[in-house]
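Residues per chain, in single letters:
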Amino acid sequence: MFFDIILFGLVALGCILVLWGIWLRVTRLRHRSHQERDISLLTYAMDHHDAGVAVLDPHDHRVLYQNKSYQCFAPDITSVLAQVRWDERTHTETVHRVDTRKGDRFLSVSVFPVIDNTGLLRCWVISVRDITQAHTDHLLQMQTRKLEAMAALTGGIAHDFNNIFSIIEGFTRLSQVADHDTQHDYTDRVLNAVFRGADLCRRMMTFSRAEVQTEDVIDCGQVLTDHAEKFIAHTYPYGGRIKLYTDFDMGCAVRLSEDVLFQIVSALLQNAIEAIDDAENATGDIILSVQSVSSSDVPPAVLHAAGFDGGRIVKLSVIDDGAGVAADIAERVFDPFFSTKDSGRGTGLGLSLVYALIKNAGGFVDFVSYAGEGTAVDVYLPESDDVPQSREARSHRNNADSDDLDLSRCRALVVDDEEDIVALTANMLRSYGMDVLEANNGNQALVQYDDCDGDIDVVITDVRMPELNGVQLAELIRSIDPNVNIIFMSGYPVSAQGNGNAVPVTDVCLKKPVDPDGLKDVICSVLQRQDGRQAGRVQYWQ
């Protein structure tokens, strides 16, 4: 009986073991079947994916696996992988341009390191995608956006110039029949309209990267203290909830003209005011500050990006509590023609102009904004060691040379292809008592100069003229008389002159429209120099 029980137990145990073995084998077969199905499904999916995917060896980057799409990239991917940055700490994504017989091809390459639980690199996963069409579409979209913005910009400029010309034409006609007292008021209005037009042209030139260079050293804090309230009156003329709070350090010397500083601050304030108008809960507070800081107080990322090599730095900040923008938009605010405003409300040139001006001055601009919280714009400019001079001091410096010089004994030759410009300039010079010869082109000027046997004290010539331009005329005259005094005039900045119109760096160039008093000061200054030239720089007389 006892042995029967033991035998029965052994038989039962054997049956259980057999059944367990069968179950285990069936489970393994089922699991393998699922794995094979999953692998087959994954392989099918990978082979039909438009992105090329490959698994590479962690050491020598041999291809361990590749889908069909990756094989299509094979002719181009080898050179691309040689440029990839392999970083075990994070994945990288880069865009590469590949030259092919059918044209340029743009590939987006992502590299993913696969790390196991022990921190060991097991393999690399490469994803390659052809983004040529998307890149082309993006360029077309940007081109369309630029054309739309240019259309809006052109319309705005035409509107402003139409107003300016209407003012000039209207008050000029009225002044012809007005009495003496009223006539003086009308001419003042015409002059103000002319100054507005000149300022608009100067802004357009600045945006076109044809900036006017300047050697002025100004005190930012003092200049903004004198004009802070005018900024709001100019940018937000109808009042409202805007409140401007200022904090200016004095003695913040930068190599910049007051006009450029005004353009920078006006554009930043305009941006802040529009952001406040777009925010329902904004208080309307704007903080405008200028500080002199050391390089240690500037974020390292800013120092690196700006290329500052230490020393003192002037920091100009504009802070508002307006609508703000999201991070992805903040990265594009300085792009030309980019605007967050609705169609018809802006062209996207304001902050782009600020960026151009600051970069031209050797500075850097940092833009920080959060949607619904406000914006802070920090402008960093290298502080100058030179002593800043006020506008009055610079004016006195320019006028000093004209006090003791009698121009009635001097003769000038005026050259310009615009007859009215010649007549205007000649009449200015005659009002100083000068004897004036006139020429409407470079060839005629050479004849005039030769007829006088070089008995001309100063030649005043336009830069850009047909046939023989002003620079070529100056070279020919100086080949006859190396010490002749020559003053250039141009409506186009010297830094942007090209096609043989580049003014020598030792000469003086006046910007049009020419101020009568400024012209006299320049003539006296040039005549009192030993050789009529100032070495070291081309200058616009301020």
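Residues numbered from 1 in each chain as written. Predicted model: local features only at pLDDT ≥ 70, side-chain atom pairs only at ≥ 80, totals over all residues. Heavy atoms only, no water.

**Q** Let's hear about the overall build of the chain: which residues, and what values?
**A** When you go through the chain residue by residue, the secondary structure sums to 15 helices and 18 strands. The 542 residues of the chain split such that 39% are buried. Residue pairs at least 24 apart in sequence account for 66% of intrachain contacts in the chain once pairs closer than 6 positions are excluded. Surface exposure of the chain reaches about 31000 Å², of which carbon and sulfur atoms provide 53%. (Helix = DSSP H or I, 4+ residues; strand = E, 2+ residues; numbered from the N terminus. Buried < 20%, exposed > 50% of the residue type's maximum accessible area, 1.4 Å probe, protein only. Contact = heavy atoms within 4.5 Å. Areas by Shrake-Rupley, 256 points an atom, 1.4 Å probe, with all protein chains shown as cover.)

**Q** Lay out the packing of aromatic side chains with the relevant residues and their values.
**A** One pass over the structure, following the stated rule, counts 3 aromatic pairs. Where Trp-86 meets Trp-124, the ring centres are 5.1 Å apart and the plane angle is 70 degrees; that geometry is what we call edge-to-face. Pair noted here: Trp-86 is in the loop between α3 (74-81) and β3 (92-100) and Trp-124 is in strand β5 (residues 121-130), with a separation of 38 residues, a long-range link. Centre to centre, the rings of Phe-161 and Phe-165 are 5.7 Å apart; their planes meet at 25 degrees, and the pair counts as stacked. On the criterion of helical spacing, the pair formed by Phe-161 and Phe-165 is a turn pair, its members being 4 residues apart in helix α4 (residues 132-177). (Phe/Tyr/Trp six-rings, centres within 6.5 Å; stacked < 30°, edge-to-face > 60°.)

**Q** Explain the nonpolar core to me, and be specific about the residues and the numbers.
**A** Leu-261, Leu-268, Ile-286 and Leu-316 are the most contacted members of the largest nonpolar core, which has 43 residues in total. Of all elements in the fold, only α6 (220-235), β7 (243-248), α7 (258-277), β9 (285-294), β10 (312-320), α10 (350-360), β11 (364-370) and β12 (374-382) reach the threshold of two or more residues within this core. It is α7 that contributes the most residues to this core, 11 residues altogether. Residues contacting Ile-286, with those up to four places away along its chain left out, are Ile-242, Lys-243, Leu-244, Tyr-245, Leu-269, Ala-272, Ile-273, Ile-276, Val-318, Ile-319 and Asp-320. Within the second largest apolar cluster, 24 residues are counted, among which are Val-414, Ala-426, Ile-523 and Leu-527. (Core = buried A, V, L, I, M, F, W, Y, C linked by side-chain atoms within 4.5 Å.)

**Q** Go over empty space enclosed by the protein, please, and point to the residues and values.
**A** In this structure the tally under the stated criterion is 1 cavity of 30 Å³ or more. Each pocket or cavity is described by its volume, and for the largest cavity that value is around 30 Å³. If you go around the largest cavity, the residues you meet are Leu-268, Asn-271, Ala-272, Val-318, Asp-320, Thr-375 and Val-377. Listing elements by their share of the lining of the largest cavity, those giving two or more residues are α7, β10 and β12. Along the lines of polarity and charge, the residues of the lining of the largest cavity split into 4 nonpolar, 2 polar and 1 charged. (1 Å grid on protein atoms, 1.4 Å probe; cavity = no way out; pocket = protein on both sides within 12 Å on 5 of 7 lines; lining within 4 Å. Points joined across faces, edges and corners; volume = space filled by probe spheres on them. Nonpolar A, V, L, I, M, F, W, Y, C, P; charged D, E, K, R; others polar.)

**Q** Talk me through helix α12 (residues 419-431); I want residue IDs and the actual numbers.
**A** Taking 1.5 Å of rise per residue, the 13 residues of α12 would be expected to cover 18 Å, and the 18 Å separating its terminal C-alpha atoms lies within 8% of that figure. Within the span of α12, buried status applies to Val-422, Thr-425, Ala-426, Met-428 and Leu-429. The buried side chains of α12 occupy one side of the element, clustering within an arc of 155 degrees when seen end-on. When the buried face of α12 is taken as reference, the exposed residues oriented beyond 90 degrees from it are Glu-419, Asp-420 and Ser-431. One or two positions beyond α12, positive phi appears at Gly-433, with a value near 95 degrees. (Expected span 1.5 Å × (residues − 1). Arc of directions from axis to C-beta.)

**Q** I'd like a rundown of the sheet that holds β10, residues and numbers included.
**A** If you walk across this open sheet you meet the 5 strands as β7-β9-β10-β12-β11, and the pairing is mixed. Since the sheet does not close on itself, it has two edges, and those belong to β7 and β11, each with one partner. Taken pair by pair, the neighbouring strands of this sheet meet at an average axis angle of 15 degrees, ignoring direction. Bridging between β9 and β10 involves 9 bridges; their strand directions are antiparallel. Across the sheet, Val-290 pairs through a bridge with Leu-316, a residue of β10. Packing of α7 onto the sheet brings it into contact with β7, β9, β10, β11 and β12, and relative to β10 it is tilted by some 30 degrees. (Pairing = 2+ DSSP bridges. Axes fitted to C-alpha atoms, helices over the stretch in contact; angles between N-to-C directions.)

**Q** Provide a residue-level description of α3, including the pertinent values.
**A** All of the buried residues in α3 are Asp-76, Ile-77, Val-80 and Leu-81. Looking straight down α3, one finds its buried side chains confined to an arc of 130 degrees; they lie on one side. Facing away from the buried side of α3 by over 90 degrees, the exposed positions are Pro-75 and Thr-78. Here the buried face of α3 lies against β1 (52-56), α2 (68-72), β3, β4 (103-115) and β5.

**Q** Would you mind going over the pairing of β3 in detail, with residue names and values included?
**A** Looking at chain direction, β3 and β4 are connected through 9 bridges and run antiparallel. Paired with Arg-97 across the two strands is Phe-106, which belongs to β4. Between β3 and β4, which pair antiparallel in sequence order, lie 2 residues.

**Q** Run through the pairing of strand β15 (residues 458-462), naming residues and quoting values.
**A** Counting buried positions over the 5 residues of β15 gives 5, a clear majority of the element. Because side chains alternate across β15, one face comprises the buried residues Val-458, Ile-460 and Asp-462, and the other comprises Val-459 and Thr-461, equally buried. Pairing geometry for β15 and strand β16 (residues 486-490), over 4 bridges, is parallel. Counterpart to Val-459 in the pairing with β16 is Ile-486. Where the polypeptide runs from β15 across helix α14 (residues 470-480) and back to β16, its parallel neighbour, the crossover connection is right-handed. (Right-handed = clockwise from strand over helix to strand, strands pointing away.)

**Q** Lay out the pattern of salt bridges in plain terms, naming residues and giving numbers.
**A** Tallied over the entire structure, the rule returns 14 salt bridges. Among the ionic pairs, Arg-62 bridges to Asp-57, the shortest N-O distance being 3.4 Å. Residue Arg-62 is classed as partly exposed on the basis of its relative accessible area, which comes to 45%. Here Lys-512 and Asp-416 are joined by a salt bridge, their closest N and O atoms 2.8 Å apart. (Salt bridge = Lys/Arg side-chain N within 4 Å of Asp/Glu carboxyl O.)

**Q** Kindly report on the packing of helix α13 (residues 442-451) against α14, identifying the contributing residues and their values.
**A** Packing of α13 against α14 brings their axes to within 10 Å, and their N-to-C directions diverge by 20 degrees. By the criterion of interaxial angle, the relationship of α13 to α14 is roughly parallel. The crossing of α13 and α14 is right-handed. Residues Gly-442, Ala-445, Leu-446 and Tyr-449 of α13 pack against Leu-473, Leu-476 and Ile-477 of α14. (Parallel < 35°, antiparallel > 145°, perpendicular 65-115°, else oblique. Left-handed = near helix turned anticlockwise from the far one by under 90°.)

**Q** How would you explain unusual backbone geometry if you had to name every residue and give the values?
**A** Cis geometry marks the peptide bond from Lys-512 to Pro-513, where omega comes out at -5 degrees. Along the chain, the position of Pro-513 falls in the loop between β17 (508-511) and α15 (516-527). One non-glycine residue with positive phi stands out, namely His-61, at about 60 degrees. Checked against the element boundaries, His-61 lands in the loop between β1 and β2 (63-66). Note on His-61: relative accessible area 30%, which makes it partly exposed. We note that Glu-467 has phi near 65 degrees; this positive angle belongs to a residue other than glycine. You can see Glu-467 is positioned in the loop between β15 and α14.

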